[in-house]
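Residue strings, one per chain:
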Amino acid sequence: MKGRWISYIAGRYLLTHNGKKGHLGNILAFLGLTIGIMTLITVMTVMNGFQQSFISSINEVYSYHIRIEDLPSEERLLQRPRDVTAAVRFRDAQGILSTDNSLSTGVSFRELDFYAAVTDKGFTDNMQLRDGRFPENRDEIILGQDLARFLAVLPGDRVSFSNLNRKSGSFSSTQYRVSGIFSTGFYEYDRNMVFSFLDDDPEAGITMGIKLRNHFHDRSALASLSNSYPDYKVQSWRVYNSAFFNALKIEKIFMFLIVALIFIVVAVNVYHSMKRNVKERLTELALLKSLGACSADLRRLYLQQGLFLGLCSSLCGTALGMILSLNVNEILAFVLALRNGFQNLLSQLPFYESGGSLPFYFSHIPVRIIGRDIIIINLCSLISVYTAAASAVRGADRVLPAEIFRNE
């Protein structure tokens, strides 16, 4: 019964006012929290989408989840751990790719076992062929769309790959025919990667690329493969991609901290609003205390106001953030359409010079909603409001009814 009257009065204080500024403080706090949660959820979901897209492109196309290095050329993965979905043999080299038109550029050249690679769904989903087909023999290659554009080649054209021969210590050149052009959505691969058919050279070692159902379950598979191949180097994606993935993690943390600064601004607003509210309602608080309310009841009265405000803001901000995140591509397309329409209108003026279209490498913005991030965002919002309310109400519990009524 005691808690019910506190909740009732807290709701009345939140929805009514007793001063010249009215509900302005509560409205600004509500809008600030709602906009902050909405913005932070949208930013984090888009950032998660880009990060997961990059990680998927790197692991599925190039790095794999686990690598076994320096294996004999004829080695196969005979005993697969339970989570392994694919095992692909490959060999890497660095060199120069040139055309008959005297165009050349440095590339990463990978000889790949395409018989195993085409059965890997993650590889085929991320390695999208724009033209042609995968190599079927040793003298065919596929290359990224940006590399093909730079070299001005199409499927069927001839190219030459030159690299340092480890055996002789001199440069060797090999002729290839372009069988296809691929796109991964990752510029570094589309601009610098070349894939060829793997030959079983008995004098050249290979690397075994292992794919898992879940790349976060790599530690158990790594332990099993290390026991099966004790004489070879077995590494997880956490090791050979650690610099890039740690950079993504740090970027996400700092972006969260920067955008979350809005919670501090809102908390200050809530603090001053409730502080002013306490001063304006000293007579009412003294009356409540004279009727039997204790100092703890007055503290709970304002803490519940802050909690109500935080919960309403969290619900509205989360709903708006989810709506904005799920429709970000449609919103961006609408904004670009307005921009293009306005630009076309200005282009009719004789003195206007067009700045060209926006150079987007990707065709759509990836979105990845992670429940843990949404929970953390809402908890930070509630903690900031609750802390501000607790700080603002510290003077209310020291109200002396006799002094207040005597002054009145």
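Structure: see above.
Summarised in this report is the structure supplied together with it. (Residues numbered from 1 in each chain as written. Predicted model: local features only at pLDDT ≥ 70, side-chain atom pairs only at ≥ 80, totals over all residues. Heavy atoms only, no water.)

### What to know about the overall build of the chain
To keep it simple, the criterion reads: In DSSP terms, a helix is any run of H or I states spanning at least four residues, a strand is any run of E spanning at least two, and both are numbered starting from the N terminus. Exposure is judged per residue with a 1.4 Å probe applied to protein chains only, and the accessible area is read against the type maximum: over 50% gives exposed, under 20% gives buried, and values in between give partly exposed. In what follows, a contact means two residues having at least one pair of non-hydrogen atoms within 4.5 Å. The Shrake-Rupley method, run with a 1.4 Å probe, gives the accessible areas here. Residue values count only the displayed protein chains as cover.
Scanning the chain from N- to C-terminus turns up 15 helices and 10 strands. Classification of the 408 residues of the chain by burial places 43% in the buried group. For the chain, contacts bridging at least 24 residues in sequence account for 79% of all contacts bridging at least 6. Just so you have it, the chain exposes about 22000 Å², and 60% of that area is on carbon and sulfur atoms.

### Considering the nonpolar core
Condition: What is meant by a nonpolar core is a set of buried Ala, Val, Leu, Ile, Met, Phe, Trp, Tyr and Cys residues, joined one to another through side-chain atoms within 4.5 Å.
Grouped together as the largest cluster of nonpolar side chains are 28 residues, with contacts concentrated most on Leu40, Phe256, Phe263, Val270, Met274, Tyr302 and Ile377. If you list the elements that add at least two residues to this core, you get helix 2 (24-63), helix 9 (242-259), helix 10 (261-280), helix 12 (295-326) and helix 14 (371-392). In contact with Leu40, other than residues within four places in its own chain, are Phe256, Val259, Ala260, Phe263 and Ile377. Residues Tyr62, Phe90, Phe182 and Trp237 belong to the second largest nonpolar core, which totals 24 residues.

### Points about the layout of surface pockets
We apply this condition: Points on a 1 Å grid over protein atoms alone make up a cavity when a 1.4 Å probe fits among them but cannot get out, and a pocket when they form an open set with protein on both sides within 12 Å along at least five of seven lines; lining residues each have an atom within 4 Å of a point. Grid points are joined across faces, edges and corners, and a volume is the space filled by probe spheres set on the points. Amino acids outside the nonpolar list (Ala, Val, Leu, Ile, Met, Phe, Trp, Tyr, Cys, Pro) and the charged list (Asp, Glu, Lys, Arg) are all regarded as polar, and Gly is one of them.
Size it by volume and the second largest pocket reaches roughly 670 Å³. Taken together, 24 residues form the lining of the second largest pocket, with Gln51, Phe216, Lys249, Lys252 and Arg372 sitting closest to its centre. Contributions of two or more residues to the lining of the second largest pocket are made by helix 2, helix 8 (237-240), helix 9 and helix 14. In terms of residues, the lining of the second largest pocket owes the most to one element, helix 9, which gives eight residues. Tallied by class, residues from the lining of the second largest pocket come to 11 nonpolar, seven polar and six charged.

### A closer look at the state of the cysteines
Where two cysteines share a covalent bond between their sulfur atoms, that bond is called a disulfide. To keep it simple, the criterion reads: Whenever a pair of cysteine sulfur atoms sits within 2.5 Å, that pair is classed as a disulfide.
As enumerated under the stated definition, the model contains zero disulfides in all. In this structure Cys316 is not part of a disulfide, and its nearest cysteine sulfur, from Cys312, lies 6.7 Å away. Exposure remark for Cys316: the relative accessible area of 34% places this residue in the partly exposed category.

### Some details on helix 9
To keep it simple, the criterion reads: Residue count minus one, scaled by 1.5 Å, sets the expected span of a helix. The directions considered for the arc run from the helix axis to the C-beta atoms.
With 18 residues, helix 9 should cover 26 Å at 1.5 Å per step; its first-to-last C-alpha distance of 26 Å lies within 8% of that length. Here helix 9 has its buried residues at Phe245, Leu248, Lys252, Phe256 and Val259. One side of helix 9 carries all its buried residues, which in axial view fall inside an arc of 80°. Pointing more than 90 degrees away from the buried face of helix 9 are the exposed residues Ala243 and Ile258.

### Quick look at the pairing of strand 1 (residues 66-71)
Note the threshold: Here, strands pair whenever DSSP counts at least two bridges between them.
Counted residue by residue, strand 1 has five buried out of six residues, so it is predominantly covered. Where strand 1 meets strand 9 (residues 206-212), four bridges bridge the pair, whose relative direction is antiparallel. Among the inter-strand pairings, Arg67 is bridged to a residue of strand 9, identified as Gly209. Across four bridges, strand 1 lies against strand 10 (residues 233-236) in antiparallel orientation. Note that in strand 10 the partner of Glu69 across the bridge is Lys233.

### Examining the pairing of strand 5 (residues 140-144)
Where burial is concerned, most of strand 5 is hidden: five out of the five residues are buried. Alignment of strand 5 against strand 7 (residues 171-183), held across five bridges, turns out to be parallel. By the bridge assignment, Glu140 is partnered in strand 7 with Arg177. Here strand 5 runs beside strand 8 (residues 193-197); their pairing, made up of three bridges, is antiparallel. Opposite Ile142, over in strand 8, you have Phe195 as the bridge partner.

### Notes on unusual backbone geometry
The phi angle at Tyr64 is positive, at roughly 70°, despite the residue not being glycine. Among the structural elements, Tyr64 can be located in the loop between helix 2 and strand 1. We classify Tyr64 as buried; its relative accessible area is 0%. At Ala152, a position not held by glycine, the phi torsion is positive, near 55°.

### Some words on the packing of aromatic side chains
Threshold: For Phe, Tyr and Trp, where Trp contributes only its six-membered ring, two rings pair if their centres lie within 6.5 Å, and the inter-plane angle classes them as stacked under 30 degrees, edge-to-face over 60, or tilted in between. A ring is scored as having a charge over it whenever the NZ atom of a lysine or the CZ atom of an arginine sits within 6 Å of its centre and within 35 degrees of its normal.
The final tally for this structure, using the stated rule, is 12 aromatic pairs. One Lys or Arg, Arg191, reaches over the ring of Phe150 and ends 4.4 Å from the middle of that ring.

### Description of the side chain of Thr34
The line we're drawing: Any pair of N or O atoms that falls within 3.5 Å is considered a polar contact. Within protein, one atom must be able to donate a hydrogen and the other to accept it, and sequence-neighbouring residues count only if both atoms are side-chain atoms.
Here Thr34 shows up in helix 2. Judged by relative accessible area, Thr34 falls into the buried class, the value being 6%. A polar contact of 2.8 Å, which involves the side chain of Thr34, links it to the backbone oxygen of Phe30.

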